[in-house]
Amino acid sequence: MNLSSFIAKRYFASKKKKNFIQVLSWISVIGVAMGTASLIVVLSVFNGLQDFVRSIYNSFDAPLTIQASVGKSFEMTPELRSKIETIDGINVVTEVIEDNALILFQDQQVVAKIKGVESNYASVNRLDSFLVRGKMKLKENNINYAILGTGVAYDLSLRLDANSYGMQIVYPKKLRPGVPVTNSSITRKSIVPAAIFNIEPVYNESYVFVPLSFAQELMDYGEKRTSIELYLNEEVSIKKLKEQVANTLGSEFKVLDSDELHSSLLKAIKIEKLFAYITLSFIMAIASFNIFFTLSMLAIEKKRDISVLYSFGATAQFIRQIFLKQGSIISLVGSIIGLLSGLALCLLQQRFGLVSMGMQSAVMNAYPVKLELTDFIMVGVSIFLITVLISYRPAIIASRVETIKNLN
């Protein structure tokens, strides 16, 4: 073999290796970008779902709810109400009696939550905006009316017409195990359905609103109440007023905001978000192994160049830093592309609703998304840690090159 063919063969061989390393580098960039975009999109969807759940409950729940610290009911006295009403920032105080009862209509029956509310409830709560049929009224001309969720109405096969006047609510008194149920052990009262609402399946399938006086007689609560709902002035801080009400009432009562009333559901969403973040981070770590192979190939290809650097006085730490920086550049480019792609996808989802729920009965058509700065920071920290761990081993291998052997 002559010298020219030998040089040509070495040149094309080195060029193929170089091209292969470049391809691996771009594959690594794409892998990091896709993993980063996926993380941003998934975390933003969980943020959107959390906000969506809050918006549904906030439209139904009062800003603050007072409940007994022990037991499910408490005595409602004029002094207690006066003490609450004198607190600045409270607009409306509504007494509530809530308990489970059996609803009968023709041959159908269903157990539901009966929520007795005062007449001022309709003026402050936005329940009327969720009515799908009927008219918002609880009492008119001494006639008691009920407002049912769509799920309850469906289970009862109930329609708002003349035939619906036969609806009855049955409430058991203090029953004892082994004692047969008689007419004296239950209370039965008739009521007229006035409207049907549709908010969210949890409410639709379980809630029935009735006048407070009706609930008092049905459940024999007298002056007892299960809760007091507080509706506030718009400019008032819920957090500050919550502390003020709690300090005024003392330890016998607990004051809850909407998030605390549904803390288990919101906590479940946060846990799901955390596990989704951990799972996708592991997937991104596996995808980032391309960086490991790229740097390993680069360390093999550049043995002679590394030996030359050593001969000029370079240290092992300097060589390690070169490869760590090379991995950082790959991950930085990929993460920037991924963050921008994730941001663009979320903005498009917010604007056009590209991905739908795929259910006709869904409360909203498309998946909700909400961008949060903390998610971008978490993803950035994850990429940094993964890059350092993945790049460290090839950097160590490169720093252990035998100088004399590779210079010969």
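Report follows, based on the coordinates. (Residues numbered from 1 in each chain as written. Predicted model: local features only at pLDDT ≥ 70, side-chain atom pairs only at ≥ 80, totals over all residues. Heavy atoms only, no water.)

1. Regarding helix α9 (residues 263-287)
In this model, α9 (25 residues) spans 36 Å end to end at C-alpha, consistent with the 36 Å of a helix rising 1.5 Å per residue. Along α9, the positions that sit buried rather than exposed are Leu-266, Ile-269, Lys-273, Ala-276, Tyr-277, Leu-280, Ser-281, Met-284 and Ala-285. (Helix = DSSP H or I, 4+ residues; strand = E, 2+ residues; numbered from the N terminus. Expected span 1.5 Å × (residues − 1). Buried < 20%, exposed > 50% of the residue type's maximum accessible area, 1.4 Å probe, protein only.)

2. Focus on the packing of α9 against helix α13 (residues 373-399)
Running from N to C, α9 and α13 point in directions that differ by 35°, and their axes come no closer than 10 Å. The hand of the α9/α13 crossing is right-handed. For the pair formed by α9 and α13, the contact residues are Lys-273, Tyr-277, Ser-281, Met-284 and Ala-285 on the first element and Asp-375, Met-378, Ser-382, Ile-383, Ile-386 and Ile-390 on the second. (Axes fitted to C-alpha atoms, helices over the stretch in contact; angles between N-to-C directions. Left-handed = near helix turned anticlockwise from the far one by under 90°. Contact = heavy atoms within 4.5 Å.)

3. Quick word on the pairing of strand β14 (residues 253-257)
Burial runs high along β14: 4 of the 5 residues are buried. As paired elements, strand β1 (residues 64-68) and β14 share 5 bridges and run antiparallel to each other. Bridge pairing links Ala-68 to Phe-253 in β14. (Pairing = 2+ DSSP bridges.)

4. Quick notes on unusual backbone geometry
Unusually for a residue other than glycine, Asn-142 sits at a positive phi of about 60°. One can find Asn-142 in the loop between β6 (139-140) and β7 (143-149). Of note, Ser-157 is a non-glycine position whose phi angle comes to about 55°, a positive value. With respect to the helices and strands, Ser-157 occurs in the loop between α4 (150-156) and β8 (168-172).

5. As for the pairing of strand β3 (residues 90-105)
Judged by how many residues are buried, β3 sits mostly within the fold: 12 of 16 residues are covered. Two strands pair when backbone bridges link them, and β3 and strand β13 (residues 227-232) are joined in this way by 6 bridges, in the antiparallel orientation. Looking across to β13, one finds that Val-92 is bridged to Tyr-231. Between β3 and strand β4 (residues 108-117), which pair antiparallel in sequence order, lie 2 residues; one of them, Gln-106, sits at a positive phi of approximately 55°.

6. Structural notes on helix α12 (residues 316-352)
Compared with the 54 Å implied by 1.5 Å per residue over 37 residues, the 53 Å span of α12 between its first and last C-alpha is a close match. Every buried residue belonging to α12 is among Ile-319, Phe-323, Gly-327, Ile-330, Ser-331, Gly-334, Ser-335, Gly-338, Gly-342, Cys-346 and Gln-349, and all of these are buried. Just downstream of α12 lies Gly-353, where phi reads positive at about 60°.

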